[in-house]
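Given next are the chains, with one letter for each unit.
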Amino acid sequence: MSRSITELGPKEAEFLSRMAGEGQTIFTVEQARHFWGDAAYTTNVLGRLEDKGWLRRLERGTYLIIPLEAGPTRDWSESALVIAPYLIEPAAVAYWSALHYWTMTEHISHTVFVQSIRRKHHSQVEILGIPFRFVTVVEARFFGVAKRTLDGKSFYVTDREKTLLDAADRPDLSGGIGQLAWALRTAWTDVDWPRLDDYLARWGAGSLVKRLGYLIETLALPLPDREERLARWRRSLSSGIVLLEPRSGRTGYVVTRWRLRVNVEEIWRTGETGR
């Protein structure tokens, strides 16, 4: 689509300049109404700007400003991390996407995983060619969220410690148990272990402490106060045997000290860990 800036009316140009100047290159209809006033007129203007190639609708009620540097084709994209908070609120980039953000995995997931306490009508959507998957958690499990910036724009991501808990709780959303093992082996020195202890206490008994404890012990990671910490974790274990890899079969041997069934090949013992 070939467009020139002269096709913008003075008020339209003022609107786009003001939104961009305030860092609102992604905005909602409600935010636009603060400028235009009338709801129906706002909707009409935004549709007109979209037709002219100055806006791209990300989803219903959410728009992206296409800047001049996009050129005559008006091809433009935006970081998925920055888009995520506009798709659901509250939102935190999580699971495999958070592992990658904190450089705790070398594998890149094509899907961006977003955690929220709200349920989105469509749990999987594609925006600007980027697949997003929304994962709903109970409010008590939505914590450990860090605010970060990218090119001056804010977004939220689970911190390292919460990312490890989420990966242990849902390996299927985090690249598998091998990715968690690799994350622990390569990033354990960057982890705030007292904070992770607090998070575990906040989470309560569950399968994730069994998986984390078993992997840390198997990998022989020299954590601070390692033996005391692992003993404390074992005392908190719930009853019942959990699977190391939840989506795999129920074959394999049981490690009674962690109440866990090892149901996948432990490639991390050789240093490969699913890389």
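Everything discussed here concerns the structure shown above.
Just so you know, these numbers come straight off a predicted model, no measurement behind them.

A.B. asks: Would you mind showing me how to read the pairing of strand 8 (residues 145-150) here?
C.D. replies: One face of the sheet, then the other: side chains in a regular strand alternate in exactly this way. Bridging between strand 8 and strand 9 (residues 153-158) involves 6 bridges; their strand directions are antiparallel. From the neighbouring strand, Val145 faces strand 9, where its bridge partner is Thr158.

A.B. asks: Sorry if this is basic, but what is going on with helix 2 (residues 29-36) here?
C.D. replies: Every α-helix carries 3.6 residues per turn, so stepping three or four residues along brings you back to the same face. Within helix 2, the full set of buried residues consists of Val29, Ala32, Phe35 and Trp36. One side of helix 2 carries all its buried residues, which in axial view fall inside an arc of 105 degrees. Positive backbone phi, approximately 90 degrees, marks Gly37, located one or two places after helix 2.

A.B. asks: It is not clear to me how unusual backbone geometry should be interpreted in this structure. Could you clarify?
C.D. replies: Of all residues except glycine, most have a negative phi; of all peptide bonds, most are trans. With an omega dihedral of -5 degrees, the bond running from Glu89 to Pro90 counts as a cis peptide bond. Within the secondary structure layout, Pro90 lies in the loop between helix 4 (80-87) and strand 4 (92-93). Phi angles above zero are rare outside glycine, and Tyr95 is one such case at about 55 degrees. With respect to the helices, strands and loops of the structure, Tyr95 is situated in helix 5 (residues 95-101).

A.B. asks: It is not clear to me how the packing of aromatic side chains should be interpreted in this structure. Could you clarify?
C.D. replies: Each aromatic ring pair is described using two quantities: the centre-to-centre distance and the angle formed by the ring planes. In total, this model carries 10 aromatic pairs according to the counting rule given. Each ring, one from Phe27 and one from Tyr63, has its centre 6.0 Å from the other, and the planes form 20 degrees; the classification is stacked. Of this pair, Phe27 sits in strand 1 (residues 26-28) while Tyr63 sits in strand 3 (residues 62-65), and the two are 36 residues apart along the sequence. Take Phe27: its relative accessible area is 0%, and that puts it in the buried class.

A.B. asks: Would you take a moment to explain the side chain of Ser174 for this structure?
C.D. replies: Within the secondary structure, Ser174 sits in the loop between helix 6 (160-169) and helix 7 (177-187). A polar contact of 3.2 Å, which involves the side chain of Ser174, links it to the backbone oxygen of Arg170.

A.B. asks: Would you mind showing me how to read the sheet that holds strand 3 here?
C.D. replies: Strand pairing in a sheet takes place through backbone hydrogen bonds and is either antiparallel or parallel in direction. The antiparallel open sheet is built from 3 strands, whose spatial order is 1-3-2. The open sheet has two edge strands with one neighbour each: strand 1 and strand 2 (55-59). Going across the sheet, the axis of each strand differs from the next one's by a mean of 35 degrees, ignoring polarity. As defined by bridge partners, strand 2 adjoins strand 3 across 4 bridges and the pair is classed as antiparallel. Paired with Leu55 across the strands is Ile65, a residue of strand 3.

A.B. asks: Could you clarify how one ought to interpret the side chain of Gln179 in this entry?
C.D. replies: Examined against the element boundaries, Gln179 turns out to sit in helix 7. Classification of Gln179 as buried rests on a relative accessible area of 5%. Side-chain polar atoms of Gln179 contact the side chain of Thr105, separated by 2.5 Å.

A.B. asks: Please clarify how helix 6 should be interpreted in this entry.
C.D. replies: Most of helix 6 is tucked away: 8 of the 10 residues are buried. Restricting attention to buried positions, one finds in helix 6 the residues Glu161, Lys162, Thr163, Leu164, Leu165, Asp166, Ala167 and Ala168. On the buried face of helix 6, the contacting elements are helix 5, strand 5 (112-116), strand 9, helix 7, helix 8 (193-203) and helix 9 (207-219).

Procedures and definitions
Residues numbered from 1 in each chain as written. Predicted model: local features only at pLDDT ≥ 70, side-chain atom pairs only at ≥ 80, totals over all residues. Heavy atoms only, no water. Pairing = 2+ DSSP bridges. Helix = DSSP H or I, 4+ residues; strand = E, 2+ residues; numbered from the N terminus. Buried < 20%, exposed > 50% of the residue type's maximum accessible area, 1.4 Å probe, protein only. Arc of directions from axis to C-beta. Phe/Tyr/Trp six-rings, centres within 6.5 Å; stacked < 30°, edge-to-face > 60°. Polar contact = N/O pair within 3.5 Å; in protein donor to acceptor, adjacent residues only side chain to side chain. Axes fitted to C-alpha atoms, helices over the stretch in contact; angles between N-to-C directions. Contact = heavy atoms within 4.5 Å.

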